[in-house]
Amino acid sequence: MLVRDNAGMATSAALTEVAAGVFELRLPIPFEDGLVNVFLFVDGAAADLLDCGMNSDESVAEIKEAMAQLGAKRLRRLVVTHIHPDHYGAAGSLAGEGMADLYIHRLEVPLVHPRYVELEHLVSEVHTYLLVNGVPAGEAEELSNSQRALSTVVKTAEPSVQLDGAELLPMGRRHLRVEWTPGHSPGHICLYDRQDGLLFAGDTLLPDLSPNIGLHPQSTPDPLHEYLDGLRRLAAFEPTLILPSHGRPFTGAPARVEVLQAHHKRRLDQIVGIVGRGKETGWEVALELWGPRQNLYEKRLALQEALAHLQALAVDSRVGKSVTPESVRWTPA
């Protein structure tokens with residue numbers, strides 16, 4: 001049963017009304033801050049959903065319970081910001097024939113099967129990528145196989161609609177514009193309600209963290225520059241409220257974007273210094289920046305993040321990049 005708090009918002013455990021007819025549901029995940037925010041948009045007996053958490057019995061049951069509490073008998077539309085498991089994982093349990101229509105950016109679609117269904121080619125590709133970027137053979141074997149665990153928390157679904165960006169989508173009783181913001185993932189999207197200034201920011205604009213921006217076999221060639229460009233576009237909207245996928249709703253997009261831009265500028269300057277001291281591989285740069293990590297997932301993210309920054313520096317001619325079949329090397333410009 002829904003109750004009202006002092007601010008007049010409807011709440012029930014992890015369910016909160018964040019704007020008229022829009023409900024945030026916080027679902028459990030085993031990383032980040034332990035939660036991912038998904039959003040239900042209610043339109044009478046129908047509801048639309050932005051992101052869907054991981055594919056676990058607990059998580060899917062929470063979505064269905066939230067819909068029941070809101071009086072929604074049918075999930076009409078599932079829009080996914082990007083195909084990382086905490087945003088896309090339950091897609092196959094909620095969307096497909098006889099269920100919701102799945103909307104996803106077209107650049108995410110070809111990433112799904114290699115990542116979650118037909119893993120062998122991607123595992124081999126990642127293994128080579130790790131070796132040429134300086135990861136020792138034993139660790140490269142371990143890190144490349146860590147991808148397999150993600151397939152257990154993802155149930156895939158075929159998209160009904162492939163998005164390009166700039167579409168106007170009906171979500172509940174609102175109309176939200178699709179904003180393509182690559183960087184964290186090639187087809188990452190945000191949704192923006194121009195009328196009320198609501199920005200559903202996914203993982204692009206977070207209140208406390210900088211999302212992982214990584215160069216890897218499934219990324220675009222220059223993800224950091226793309227990410228920073230997307231941040232500038234979002235800041236220009238000056239939204240009245242930002243609803244992120246992790247953390248709490250917040251305001252002040254231009255100021256937050258300035259902080260993130262300054263963070264990445266410092267990181268870029270640090271890496272120029274590290275390369276200048278003779279560290280030539282992405283793995284050496286990552287170890288210099290963040291030190292050794294025990295967690296396999298964190299090791300891969302650190303390497304990917306270092307490589308994205310190195311690539312941006314090479315694009316800007318601040319470091320040199322040389323490649324052979326055996327290695328990728330970074331040198332002072």
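Basis of the calculations
- Residues numbered from 1 in each chain as written.
- Predicted model: local features only at pLDDT ≥ 70, side-chain atom pairs only at ≥ 80, totals over all residues.
- Heavy atoms only, no water.
- Helix = DSSP H or I, 4+ residues; strand = E, 2+ residues; numbered from the N terminus.
- Rg over C-alpha atoms; globule rule 2.2 N^0.38 Å.
- Buried < 20%, exposed > 50% of the residue type's maximum accessible area, 1.4 Å probe, protein only.
- Contact = heavy atoms within 4.5 Å.
- Areas by Shrake-Rupley, 256 points an atom, 1.4 Å probe, with all protein chains shown as cover.
- Core = buried A, V, L, I, M, F, W, Y, C linked by side-chain atoms within 4.5 Å.
- Pairing = 2+ DSSP bridges.
- Phe/Tyr/Trp six-rings, centres within 6.5 Å; stacked < 30°, edge-to-face > 60°.
- Disulfide = S-S within 2.5 Å.
- Salt bridge = Lys/Arg side-chain N within 4 Å of Asp/Glu carboxyl O.
- Axes fitted to C-alpha atoms, helices over the stretch in contact; angles between N-to-C directions.
- Left-handed = near helix turned anticlockwise from the far one by under 90°.
- Nonpolar A, V, L, I, M, F, W, Y, C, P; charged D, E, K, R; others polar.

*Asks:* Please clarify how the overall build of the chain should be interpreted in this entry.
*Replies:* Scanning the chain from N- to C-terminus turns up ten helices and 16 strands. Relative to the compact-globule value of 20 Å for 333 residues, the chain shows a C-alpha radius of gyration of 20 Å, a close match. In terms of its C-alpha atoms, the chain occupies a principal-axis envelope of roughly 60 × 40 × 35 Å. Here the chain holds 333 residues, and 53% of them are scored as buried. Across the chain, the fraction of contacts at a sequence separation of at least 24, relative to all contacts at a separation of at least 6, is 63%. Approximately 14,200 Å² of the chain is accessible, and the part contributed by carbon and sulfur atoms is 52%.

*Asks:* Honestly, the nonpolar core in this entry has me stumped. Any pointers?
*Replies:* It is characteristic of soluble globular proteins that their nonpolar side chains tend to be buried jointly. Of all hydrophobic cores here, the largest spans 45 residues; its most connected members are Leu130, Leu199, Leu205 and Val285. The leading source of residues in this core is helix 10 (residues 296-315), at eight residues. Non-local contacts of Leu205, meaning those with residues more than four positions away in its chain, are made with Leu199, Leu231, Ile242, Pro244, Phe250, Ala253, Arg256, Val257 and Leu260. The next biggest cluster of nonpolar side chains, apart from the first, holds 37 residues, and it includes Ile83, Tyr88, Ala90 and Leu111.

*Asks:* How should I be thinking about the pairing of strand 12 (residues 189-193) in this particular structure?
*Replies:* A regular strand carries its side chains on alternate faces of the sheet. In terms of burial, strand 12 is largely enclosed, as five of its five residues are buried. Residues Ile189, Leu191 and Asp193 point to one face of strand 12 and Cys190 and Tyr192 to the other, with burial holding for every one of them. Bridging between strand 11 (residues 174-180) and strand 12 involves four bridges; their strand directions are antiparallel. Residue Val178 lies in a different strand from strand 12, and its bridge partner there is Leu191. Sheet topology places strand 12 next to strand 13 (residues 198-202); three bridges connect them, and they run antiparallel. Residue pairing for strand 13: Tyr192 is matched across the bridge by Leu199. Linking two consecutive strands that pair antiparallel, namely strand 12 and strand 13, is a turn of four residues; a positive phi of about 70° is found at Gly197 within it.

*Asks:* I'm lost on the packing of aromatic side chains in this one. Help?
*Replies:* With the rule as written, the count across this model stands at five aromatic pairs. Between the aromatic rings of Tyr88 and Tyr116, the centroid separation amounts to 6.3 Å while the plane-to-plane angle is 20°, which identifies the pairing as stacked. Of the two residues, Tyr88 sits in helix 2 (residues 85-88) while Tyr116 sits in helix 4 (residues 109-116), which places them 28 residues apart along the sequence. For the pair formed by Tyr88 and Tyr116, the shared burial category is buried. Here a set of aromatic residues connected by ring pairs shows up, and it is made of Phe39, Phe41 and Phe200.

*Asks:* Would you explain unusual backbone geometry in this entry?
*Replies:* Only a minority of non-glycine residues have a phi that is not negative, and only a minority of peptide bonds are not trans. Backbone geometry places Glu238, a non-glycine residue, at a positive phi of 50°. One can find Glu238 in the loop between helix 7 (223-237) and strand 14 (241-244). Notably, Ser317 is not glycine yet its phi reads approximately 60°, a positive angle. Mapped onto the elements of the fold, Ser317 is located in the loop between helix 10 and strand 15 (319-323).

*Asks:* How should I be thinking about the state of the cysteines in this particular structure?
*Replies:* In a disulfide, the sulfur atoms of two cysteines are covalently bonded to one another. Taken as a whole and judged by the stated rule, the model has zero disulfides. The cysteine Cys190 is free of any disulfide, with Cys52 supplying the nearest cysteine sulfur at 17 Å. Note on Cys190: relative accessible area 0%, which makes it buried.

*Asks:* Can you walk me through the pattern of salt bridges in this structure?
*Replies:* When charged atoms on two side chains of opposite charge get close, those side chains can pair. Inspection of the entire model under this criterion finds 19 salt bridges. Here Arg76 makes a salt bridge to Asp48, at a shortest N to O gap of 2.8 Å. Pair noted here: Arg76 is in strand 7 (residues 74-79) and Asp48 is in strand 6 (residues 46-50), with a separation of 28 residues, a long-range link. By the burial criterion, Arg76 is buried, and Asp48 matches it. Salt-bridge contacts for Asp196 lead to Arg174; the nearest nitrogen and oxygen are separated by 2.8 Å. Taken together, the residues span a long stretch of sequence, with Asp196 in the loop between strand 12 and strand 13 and Arg174 in strand 11 at a distance of 22 residues. Through salt bridges that share partners, Asp43, Asp48, Arg76, Arg77 and Arg173 make up one connected network.

*Asks:* Quick question: what am I supposed to make of the sheet that holds strand 11 here?
*Replies:* Note on sheets: strands pair through backbone hydrogen bonds, and any given pair is parallel or antiparallel. Strand order across the open sheet formed by five strands is 10-11-12-13-14, with mixed pairing between neighbours. Two strands close off the open sheet at either side, each with one partner strand: strand 10 (168-171) and strand 14. Within this sheet the neighbouring strands show an average axis-to-axis angle of 30°, counted without direction. For strand 13 and strand 14, the ladder comprises four bridges, and the chain directions are parallel.

*Asks:* Would you explain the packing of helix 5 (residues 119-132) against helix 6 (residues 137-145) in this entry?
*Replies:* How two helices sit against one another is set out by the angle between their axes and by the gap between those axes. Between helix 5 and helix 6, the least distance of the axes is 9 Å, while the angle of their chain directions is 145°. With respect to the hand of their crossing, helix 5 and helix 6 are arranged in right-handed fashion. Together, Val123, Val126, His127, Leu130 and Leu131 of helix 5 and Ala137, Ala140, Glu141, Leu143, Ser144 and Asn145 of helix 6 make up the contact between the two elements. Of the residues contributing to the contact of helix 5 with helix 6, the split by class is seven nonpolar, three polar and one charged.

Keep in mind these values describe shape, not function.
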